[in-house]
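# Results of the structural survey
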Amino acid sequence: MRLYKIELYKLFRKKLFSAGLVCIIAFILLVFLQHLNSAVSTVNGTKYRGYEAVMADRQITEEFKGTLTDKKLQLIVDKYGFPQISEQSGEITNENFLNRFVMNYASDGYLHERNDYQAATKVLPLADSHLSEVHDFTGEDIYLACFTGWDSYREWYYMCLLLVSILILYSVATVFSAEEQIGTKPLLFTTQEGPAKDMAAKFAAAYTLSIGLWAVITLSGLLLYGMVYGWDSFSCLSTLVSGWGEPLIPFGTLLVQTYALSLLGILELCALTLCMSACFHSAFHSVSAAGACWGLPLLVLPLLHGIYRVLLASSLEAPALTIWGRILFPVHILVYASPFFMINHNTISELDALTSGQTGRMIWITAVSAAIVTVLCAVTAYYKYRKVRIK
């Protein structure tokens, strides 16, 4: 325990770590407040902005919350009308969460942007609307609740984890290499505790830092969004909350999958960084190598997409394309199983598109691949550090 506390203190006492943590908190709060202040809602002729707009949307949705029906859709339009765009100012008028939802999903019009708009004239029955495809695929009734604000949550969470990953790279990359650089490693290995306990303390401190940062960002962000935007959106389909590219599962389930993959990605990043730290004898080289390995999948994925396009454009027959697909598929999985893409909010939707809806199976394959890489990196770091001592 004494060694563990010492190693933990060495990680937290760095000035750049404290400054980086303060900058991360300030940045994520700034982005959150900026998104909150952009909210606008008009109810019965009164225009609300910011936090008041969110509260207004949540209040008017309570009356219609639950299973969506044709009667509810018509009642919403009878009470609030359709959003309009003023011909004089070009501003969107009479818009709130409910009538915007009906216009986009169950009318003959749509409103995405000021320049991407078609006036709605009538409400479509659920059977004739875009929502019918969702109902037919899931076989369940569509649940309506106010999900204002949650559409930006996963992108915001991804930005937070990117910053946390950079902070982990900087902090953990010096766990082993710093001892080599300043020449204190032989002294540590000859203490009463011995090399095994010293290395265990370093591993424990590094993972405590990584998991602690992930937990703080995840729990604080979830609490922040929940207190402002409410929790009802967890029962809505993720395709309605985050967009049509997401799998047809409840938004709450999508968040659980996102959290699980992101945690595994942070653990994998910690193991990878420890491995680089054990392989190099200077802090600069270990940080540089860990950063290069972390960002490498960004170069590999476009290359894979280019290979796929070349193969599809070629005159190869179906059996040959199948063989190439089986060869490239494991590489594709390893890219998505990398720390960078494990925290990416688009990874789940891309896995869903890659396997035509078999999201659960692909998440398991990707998670197992990431877990294997994590174990291999941790074991390599352990033996690499001890091997250098024997020499």
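The following refers to the structure shown. (Residues numbered from 1 in each chain as written. Predicted model: local features only at pLDDT ≥ 70, side-chain atom pairs only at ≥ 80, totals over all residues. Heavy atoms only, no water.)

### Some remarks on the packing of helix 7 (residues 153-172) against helix 12 (residues 251-279)
When two helices pack together, their arrangement is given by the angle between the helix axes and the distance between those axes. Rule in force here: For helices, the axis comes from a line fit to the C-alpha atoms of the stretch in contact; other axes are also lines fit to C-alpha atoms, and the angle between any two N-to-C directions lies between 0 and 180 degrees. In this text, helices come from DSSP runs of H or I with a minimum length of four residues, and strands from runs of E with a minimum of two, each type numbered from the N-terminal end. Our angle categories are set so that under 35 degrees counts as roughly parallel, over 145 as roughly antiparallel, 65 to 115 as roughly perpendicular, and the remainder as oblique. Note: crossing handedness is left-handed where the near helix turns anticlockwise from the far helix by less than a right angle, and right-handed where it turns clockwise. Residues count as neighbours in contact if any of their non-hydrogen atoms are within 4.5 Å of one another.
At a closest axis distance of 10 Å, the pairing of helix 7 and helix 12 adopts a crossing angle of 15 degrees. Of the possible angle classes, the one that applies to helix 7 and helix 12 is roughly parallel. Judged by the sense of rotation from one axis to the other, the crossing of helix 7 with helix 12 is right-handed. Here Tyr153, Arg154, Tyr157, Leu161, Ser165, Ile168, Leu169 and Val172 of helix 7 come into contact with helix 12, specifically with Phe251, Leu254, Leu255, Thr258, Tyr259, Ser262, Ile266, Leu269, Cys270, Thr273, Leu274 and Ser277.

### What to know about the nonpolar core
The cut-off we apply is this: Remark: nonpolar core denotes a set of buried residues (Ala, Val, Leu, Ile, Met, Phe, Trp, Tyr, Cys) joined through side-chain atoms within 4.5 Å. Exposed residues in this analysis have more than 50% of their type's maximum accessible area, buried residues have under 20%, and partly exposed residues fall in between, with area computed by a 1.4 Å probe over protein chains only.
Judged by nonpolar contacts, the single largest core of 112 residues is most densely connected at Phe101, Val102, Trp150, Tyr153, Trp156 and Leu274. The biggest single contributor to this core is helix 12, with 15 residues. The contacts of Tyr153, once residues within four sequence positions are left out, are Thr218, Gly221, Leu222, Tyr225, Leu255 and Tyr259.

### Some thoughts on helix 2 (residues 15-37)
As a reminder, the rule being used: Any helix carries an expected span of 1.5 Å times its number of residues minus one.
Its 23 residues place the ends of helix 2 33 Å apart at the C-alpha level, agreeing with the 33 Å of an ideal helix rising 1.5 Å per residue. Every buried residue belonging to helix 2 is among Phe17, Ile24, Ile28, Val31, Phe32 and Leu36, and all of these are buried.

### Some details on the side chain of Ser152
Residue placement: Ser152 occurs in the loop between strand 8 (143-144) and helix 7. Relative accessible area serves as the criterion here: at 15%, Ser152 is assigned to the buried category.

### Considering the pairing of strand 1 (residues 40-43)
To keep it simple, the criterion reads: Any two strands with at least two DSSP-identified bridges between them are counted as paired.
Sheet topology note: the strand 1/strand 2 (residues 46-49) ladder contains four bridges and is antiparallel. When the sheet's bridge partners are listed, Val43 is paired in strand 2 with Thr46. Connecting strand 1 to the antiparallel partner strand 2 that follows it, the hairpin turn spans two residues, and Asn44 within it adopts a positive phi of roughly 55 degrees.

### Section: the packing of helix 7 against helix 13 (residues 283-313)
Cut-off, in case you're wondering: Residue type decides the class: Asp, Glu, Lys and Arg count as charged, Ala, Val, Leu, Ile, Met, Phe, Trp, Tyr, Cys and Pro as nonpolar, and the leftover types, Gly among them, as polar.
Helix 13 packs onto helix 7 with a crossing angle of 150 degrees between their chain directions and a minimal axis gap of 9 Å. In this structure, helix 7 uses Leu162, Ser165, Ile166, Leu169 and Tyr170 to contact helix 13, whose residues at the interface are Val287, Ala290, Gly291 and Trp294. Here the residues of the contact of helix 7 with helix 13 sort into seven nonpolar, two polar and no charged.

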